[in-house]
Structures are given as C-alpha cells and as structure tokens.
Amino acid sequence: MSTPAILTVDDDPNVSRAVARDLRRHYGENYRVVRASSGSEALDALRELKLRGQQVAVLLADYRMPQMNGIEFLESAMDLYPRARRVLLTAYADTDAAINAINLVDLDHYLLKPWNPPEEHLYPVVDDLLQSWLATPDAATAELRVVGHRWSAHSYKIRDFLARNLVPFRWYVADDPEGARLLAAAGLTADDVPLVVTAEGKTLVQPNEAELAGNIGLTTTPAADFYDVIVVGAGPAGLGSAVYAASEGLRTVLVERRATGGQAGQSSRIENYLGFPDGVSGAQLTERARRQALKFGAELLSAREVTLLETCGSARVVHFADGSRIAAHAVVLATGVSYRMLDVPGCADLTGRGVYYGSAATEAPGCQDQDVYIVGGANSAGQAAVYFSRYASRVHMLIRGEDLRRSMSRYLIDQIEAIENITVHPYTQVKEGGGDDHLEHLTLVDTRTGEETRVDASWLFIFIGAEPGTDWLDGVLARDEHGFVLTGPDLLSGGKRPTGWRLDRDPYHLEASVPGVFAAGDVRSDSVKRVASAVGEGAMAISLVHRYLEGQ
Ligand SMILES: Cc1cc2nc3c(=O)[nH]c(=O)nc-3n(C[C@H](O)[C@H](O)[C@H](O)COP(=O)(O)OP(=O)(O)OC[C@H]3O[C@@H](n4cnc5c(N)ncnc54)[C@H](O)[C@@H]3O)c2cc1C
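Residues numbered from 1 in each chain as written. Predicted model: local features only at pLDDT ≥ 70, side-chain atom pairs only at ≥ 80, totals over all residues. Heavy atoms only, no water.

1. Thoughts on the overall build of the protein
The secondary structure content of the protein amounts to 15 helices and 26 strands. Compactness check: the protein gives a C-alpha radius of gyration of 25 Å against a globular reference of 24 Å for 552 residues, within 12% of the reference. Each principal axis of the C-alpha atoms in the protein carries an extent, and together these give about 75 × 65 × 55 Å. Here the protein holds 552 residues, and 55% of them are scored as buried. Across the protein, contacts joining residues at least 24 apart in sequence account for 63% of those joining residues at least 6 apart. (Helix = DSSP H or I, 4+ residues; strand = E, 2+ residues; numbered from the N terminus. Rg over C-alpha atoms; globule rule 2.2 N^0.38 Å. Buried < 20%, exposed > 50% of the residue type's maximum accessible area, 1.4 Å probe, protein only. Contact = heavy atoms within 4.5 Å.)

What follows is the structure, encoded as structure tokens:
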C-alpha cells in the first residue's frame, strides 16, 4: 500500500514551510508530507490523492486564510477524507472559533501558534492522532473489495456490516468486468458470491459476520475470561458505560453483535444532542465515542452476540452464540431495540432485496433518480426521508395518521415541508409487496376509503417502532409486558422486592432483578429513547456498579 499523507495548509509561506519541515523531520520516513498555500490548492491536492487511491491520515489547516478559512477547508475536506484526523492552527485570539469548529467539522484538535518546540507541542498531538487513525480499520483495509449481486440479501448484509463498522470497501457487481476478474482470480463463479477480498489478498467466500470481522481487523476474541464489568451492546448507552468504566479504572469489555453505534449509528443527522448546535451524524458521534472507550483501555468485541446471562455465586456469566463465555463482577445490559418487522405478504422474502429496516445508507446511491417509499412517521423515518431526498427523484412517506405532528419533532417537520421532492401520504399503509428477485411493486391502501393503489417500487425502508429483543433473558431478569428490562423502583411491587432478591437493600436505580446486573438506554423499561438519555444512563450505570462493588 502507498505511503499515507499528512497535509498542511497555511497561506503564510514562512509558516507553511516551517510546519512542513517539522512534520517531515519527524514523520517523513512513514508519511508523505503535502504542503499547500490556500484552501483551494489543498482541496485540489486532496482530490488528486483520492483519484490515485492514496490515504490521508492528518489534515492541519491554518484558521485565518483569505477566501477559504481553515474551518471551511476542513469541512470540504471531510467529504473527500472523512476519517482523516483534523487539526486547526490558531492564534490565541481565535480560540473561540476553534472551539466552535469542534462541533462544525468534528475537529480533533486545535493547536495554538507558535507550536515551538515541536517536541512538546506538535509531535505529541500528531502522534496521538496518527495512532488513533492507524487504529481505524480504514488504515489497514482501504483495499477491501466485495463482489456480489445487486439484489442479493447476503451481499447487502455484508455491505451493511462493513458500512456500519466504518470499513471502507469497493463494491463490484459480479458481472462487472472487474467483479468477473476478481471471481476468476479466486477460481469462483457468480454463483459463489458474495466474495470478499481483503487488503492482503485473502478471499472469503460467503462469509458470516464473525468471519468477516476477524479478517478486517475487528477484535472478536476476548483477551481475558474475567472482567470487572461486561457491557453488552455498543450503542450510545453501551459506549457511555464503556467510556466511564474504563476511564475509572474498571477492567471493561464491550460486546457488540453488529456494529458500534447501534441505532444512533444509523442516524444521518442527530440535531438534539447537547453540544452540537449544527447537528452531528450518528456515525461520527459514535465513532468518536468508540475511540474514546478504546483510549481508556476498554476492550471491544465485534460481531459477538450474547445469548445467555447466568449467575454463578458472585460472578455474572455471559454466554456467546458459539458456546464460549466470559464472566465479570457486574454486567451492564445496553442492548437497545430493533425495528419491528412489517408483517404484510411479500415483504419478508424481499428483506435485503429492496425492503430494508432502518435507513440502509449503503443503498442510497442505488436509489438515484428513483422513487423511494418510507413507512413510518417518527423522527427516524423523517431523517431518512431528508437523507434519501438527496438521491431519489421522489420520497413517499407512508403514515397511518393524518399528519406528522403527533409523531415527529417540529424541526424535522419543517425540514420535510421545505423539501420539494418529499410527499407525505396520510392514512396510508402497505398491503403487500412483490417482485421476482427483488421488490418491484407495492400495493398501498388508503385506510379511510379502503381504496387500493398498485405502484412500481424498488425501494422500501421501514421504520415502524421497535422492540427490545430480550427473549434470551426469559426467566433470568424481570421484564415488562413488552420485554423491556425492569429496574430500580419499577421492580418493587407493593413495596416488595423482586422474587429471588436476597440482598438487604432495594435494587439501585438502574439495577435489574439480579444484583450486579444493570440496564441502560432503550432496553430499559420506561426509558426515554434518546441518544442523550442513553449516554447518561450508561454513565450512571457505572457509578452504580461502583456502589455495588463497594458493597460486595
Ligand atoms: C434512524 C434513527 C435516528 C434517530 N435519531 C435520533 C435523534 O436525532 N436524536 C435522538 O436523541 N435519538 C435518535 N434516535 C434514537 C436513538 O438512536 C436511540 O434512543 C439510542 O441509540 C439508544 O441507545 P442504546 O445504546 O440504548 O441502544 P441502541 O442504539 O439500540 O444500541 C444497542 C446495541 O446493542 C447491540 N445488541 C443488541 N442485542 C445484543 C446482544 N444480544 N449481544 C450483543 N449486542 C447486542 C445492538 O446491535 C446495538 O448496537 C434515532 C434512532 C434511529 C433508529
């Protein structure tokens, strides 16, 4: 693989030369240092690097440049190299601008000028950023290639898994010339897809997620068999728990069955999370949290599903789908919720082949200039409608009620109303879907009149409420009638503690019906179902874990 680049841009030639010199001196052996004297020159350089398939690890931009300032440059650069680490060089007087940029361009660091001596002010910062960049799968697997069929559910699952784990890859349809060449090189035919070719040239034929994870640099095997705390689920609640637990010195393992970020990772723009006045993509927010958790020493296991929870004396034991297990003093369940399936004829068979649950961002380019149908009227459906409206010729939102007011936040309704190619269809439900190898048509019904309309449709995205998927906790933890985990005061019925509870105290606020097991975020009965509250509960669960451990 070619040498990754560090790009620096400053309109003052003396400063620009000095930064480049300092960077070359320290990093020249392993990185190519690219220097530009304006934002537009730097963007041209980035475009060229992109076309040549080269990687960019760090961008350092001066804040005060004429025409395009450093923040504007970094914002545009994010479109080309979203995971390059971003540094703004500022004078002391511009500190406020730099702090604002932390939200606007997801700034990793701002560096006050002058940075002399570089050994003290520049290199430690860049070292840190390079280290975190190198730890992303991006650095190791930029050449990952996937060959599959356009309408194959398995091919979709693999692309979705890679995208959600922020692993860049090239996608080839099996009968593309390059797709066919890769299949031939692997001695396979189009019947054998999906095929994954790793950066090292290893071929994986129809891999499952665990196999895939293990081959793209994600950790799937625990380093120990006993921890202080096991956190199950790496959505906002689990990430919140892992960051606080690890930073407070607990030996922490975070277990995730699919991809870090959970539901929030699917959100194209979270606008109500504290501290991000311009909104933040869920992937960006949760990727930062993942790095933060790893930085504090939490271990993250990917593509591992927890299927059983057991109590063995004071240990809490967690079993994986493959029969292996790990144990800890305490467990935080942060398993969130999953979309409810749309139970109408024809749709189940077409899942992953035109019918998708959640926003399936990998599919957006495929929807270019076509009609997209979205079922649901809550915020998640609204965000998806806004997102897909950039690609589709028209987005049709099918909702059960009269309008969006009862189910969606005002800011999203305003956005939707302002977008010309989104149409909201009130009182409308899907009656059935059909197609040969993929979705080709839908029958919609007007629930007021019963009138049915058949439409040509290749894209249906479903957002119809969610369920906790906690059947595996049956008989282990007390849950409410919808399967959400009961905690704290909700466990006390008529002032009586839950069955089997032997401690001489009531369950702590987020503690489940087994002492030392806590629930945080959407999986908890009566929780708020927001990113901020999930993160807050994740953090709070750890303070209760400490209290629990002290009482042991
Ligand atoms: C498209 C979309 C947009 C949204 N937008 C907003 C918004 O703008 N603002 C806002 O506040 N909220 C928003 N929400 C809601 C918000 O994302 C959720 O409230 C939040 O993610 C809940 O966090 P959580 O960690 O409790 O659960 P989740 O995010 O659901 O994460 C749970 C994780 O646990 C994993 N898991 C589940 N079971 C197991 C198991 N047995 N073993 C291992 N891992 C397991 C799952 O794979 C998942 O990654 C949105 C939701 C969606 C779907």
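2. Topic: the nonpolar core
Counting 30 residues, the largest nonpolar core has Leu7, Leu46, Leu59 and Phe73 as the members making the most contacts within it. Elements with a minimum of two residues in this core: strand 1 (5-9), strand 2 (32-36), helix 2 (39-51), strand 3 (56-62), helix 3 (70-80) and helix 4 (95-104). With sequence-adjacent residues up to four places away left out, Phe73 is seen in contact with Leu7, Val9, Gly39, Ala42, Leu43, Leu46, Leu59, Ala61 and Met68. Counting 28 residues, the second-largest nonpolar core is a separate cluster that includes Leu239, Ala289, Ala298 and Ala330. (Core = buried A, V, L, I, M, F, W, Y, C linked by side-chain atoms within 4.5 Å.)

3. A look at the sheet that holds strand 20 (residues 422-425)
Strand order in the open sheet formed by 5 strands is 17-24-18-19-20, with parallel pairing between adjacent strands. With one partner strand each, in any of the chains shown, strand 17 (355-357) and strand 20 form the two edges of the open sheet. Strand-to-strand twist in this sheet, taken as the mean axis angle between neighbours without regard to direction, amounts to 20°. (Pairing = 2+ DSSP bridges. Axes fitted to C-alpha atoms, helices over the stretch in contact; angles between N-to-C directions.)

4. So, the pattern of salt bridges
Under the counting rule described, the total for this entry stands at 28 salt bridges. For the salt bridge of Asp108 with Arg291, the shortest nitrogen-to-oxygen distance reads 2.8 Å. You can see Asp108 sitting in the loop between helix 4 and strand 5 (109-112) and its partner Arg291 sitting in helix 12 (residues 282-295), a full 183 residues away along the chain. Judged by relative accessible area, Arg291 falls into the buried class, the value being 19%. Among the salt bridges present, the one from Glu417 reaches Arg410, with a minimum N-O distance of 3.5 Å. Residues participating in the shared-partner salt-bridge network are Asp160, Arg164, Glu209 and Arg258. (Salt bridge = Lys/Arg side-chain N within 4 Å of Asp/Glu carboxyl O.)

5. Describing the site of the ligand
Near the ligand, the surroundings consist of 33 residues, among which Glu256, Gln263, Tyr339, Gln383 and Asp522 are the closest. In the model, an oxygen atom of the ligand is placed 2.6 Å from a nitrogen or oxygen of the Glu256 side chain. Separating a nitrogen atom of the ligand from a backbone N or O atom of Arg257 is a distance of 3.2 Å. In isolation the ligand exposes 1000 Å². Once the protein is present, 95% of that is buried. Elements supplying a minimum of two residues to the shell around the ligand: helix 11 (236-247), helix 13 (379-388) and helix 15 (531-550). The class makeup of the residues in the shell around the ligand is 15 nonpolar, 11 polar and 7 charged. (Near = heavy atom within 4 Å. Polar contact = N/O pair within 3.5 Å; in protein donor to acceptor, adjacent residues only side chain to side chain. Areas by Shrake-Rupley, 256 points an atom, 1.4 Å probe, with all protein chains shown as cover. Nonpolar A, V, L, I, M, F, W, Y, C, P; charged D, E, K, R; others polar.)

6. Quick notes on the UniProt feature "modified residue: 4-aspartylphosphate" (unreviewed entry) in the protein
On the UniProt side, "modified residue: 4-aspartylphosphate" (unreviewed entry) is annotated at positions that read Asp62 here. Checked against the element boundaries, Asp62 lands in strand 3. Look at Asp62 and you get buried, because its relative accessible area is 3%. Not counting the four nearest positions on each side in its chain, Asp62 is found in contact with Val9, Asp10, Asp11, Asn69, Gly70, Leu88, Leu89 and Lys113. (UniProt positions renumbered as here; feature names shortened; annotations may be inferred.)

7. What to know about helix 4
For helix 4, the set of buried residues is Thr95, Ala97, Ala98, Ala101 and Asn103. Taken from the residues just after helix 4, Asp106 is the one with a positive phi, measuring 55°.

8. A few points about the packing of aromatic side chains
A complete count under the given rule lists 12 aromatic pairs for this structure. When the centroid spacing of 5.2 Å and the interplanar angle of 45° are considered together, the rings of Trp151 and Trp459 count as tilted. Placement of the pair is Trp151 in the loop between strand 6 (145-148) and helix 8 (153-164) and Trp459 in the loop between strand 23 (452-456) and strand 24 (460-462), with a sequence separation of 308 residues. Trp151 gets classed as buried once you look at its relative accessible area, which sits at 18%. For Trp459, a relative accessible area of 1% corresponds to the buried category. Measuring from centroid to centroid gives 5.3 Å for Tyr356 and Phe461, while their planes differ by 20°, and the two rings are stacked. On the criterion of sequence distance, the pair formed by Tyr356 in strand 17 and Phe461 in strand 24 is long-range, its members being 105 residues apart. (Phe/Tyr/Trp six-rings, centres within 6.5 Å; stacked < 30°, edge-to-face > 60°.)

9. Thoughts on unusual backbone geometry
For the peptide bond that leads from Lys113 to Pro114, omega is -5°, which places it in the cis range. Looking at the secondary structure, you find Pro114 in the loop between strand 5 and helix 5 (118-121). Following Val193, the chain continues into Pro194 via a peptide bond in cis, with omega recorded as 0°. With phi around 65°, Gln67 is a residue other than glycine that occupies positive phi space. With respect to the helices, strands and loops of the structure, Gln67 is situated in the loop between strand 3 and helix 3. The exposure class assigned to Gln67 is exposed, which follows from its relative accessible area of 81%. In the Ramachandran plot, Ala303 falls in the positive-phi region, its phi being about 55° despite a non-glycine side chain. Structurally, Ala303 can be placed in the loop between strand 12 (299-301) and strand 13 (306-312).

10. Describing the sheet that holds strand 1
With parallel pairing, the 5 strands of this open sheet are ordered in space as 2-1-3-4-5. Strand pairing shows two members of the sheet lacking a second neighbour, strand 2 and strand 5, which therefore form its edges. Ignoring which end each strand starts from, the neighbouring axes of this sheet average 20° apart. Seen against the sheet, helix 2 touches strand 1, strand 2 and strand 3 and runs at an angle of roughly 165° to strand 1.

11. Re the state of the cysteines
Taken as a whole and assessed by the stated rule, the structure comprises 0 disulfides. Considering cysteine sulfurs only, Cys347 is the nearest to Cys367, which forms no disulfide, with 16 Å between them. What makes Cys367 buried here is its relative accessible area of 0%. (Disulfide = S-S within 2.5 Å.)

12. Details of the packing of helix 11 against helix 12
Axes are the key here: two packed helices are described by the angle between their axes and the distance separating the axes. Two elements in contact, helix 11 and helix 12, have axes whose closest approach is 9 Å; the angle formed by their N-to-C orientations is 25°. What the angle tells us is that helix 11 and helix 12 run roughly parallel. The two elements helix 11 and helix 12 meet at a crossing, and its hand is left-handed. Mapping the contact onto sequence places Leu239, Ala242, Val243 and Ala246 in helix 11 and Thr286, Ala289, Arg290, Gln292 and Ala293 in helix 12. (Parallel < 35°, antiparallel > 145°, perpendicular 65-115°, else oblique. Left-handed = near helix turned anticlockwise from the far one by under 90°.)

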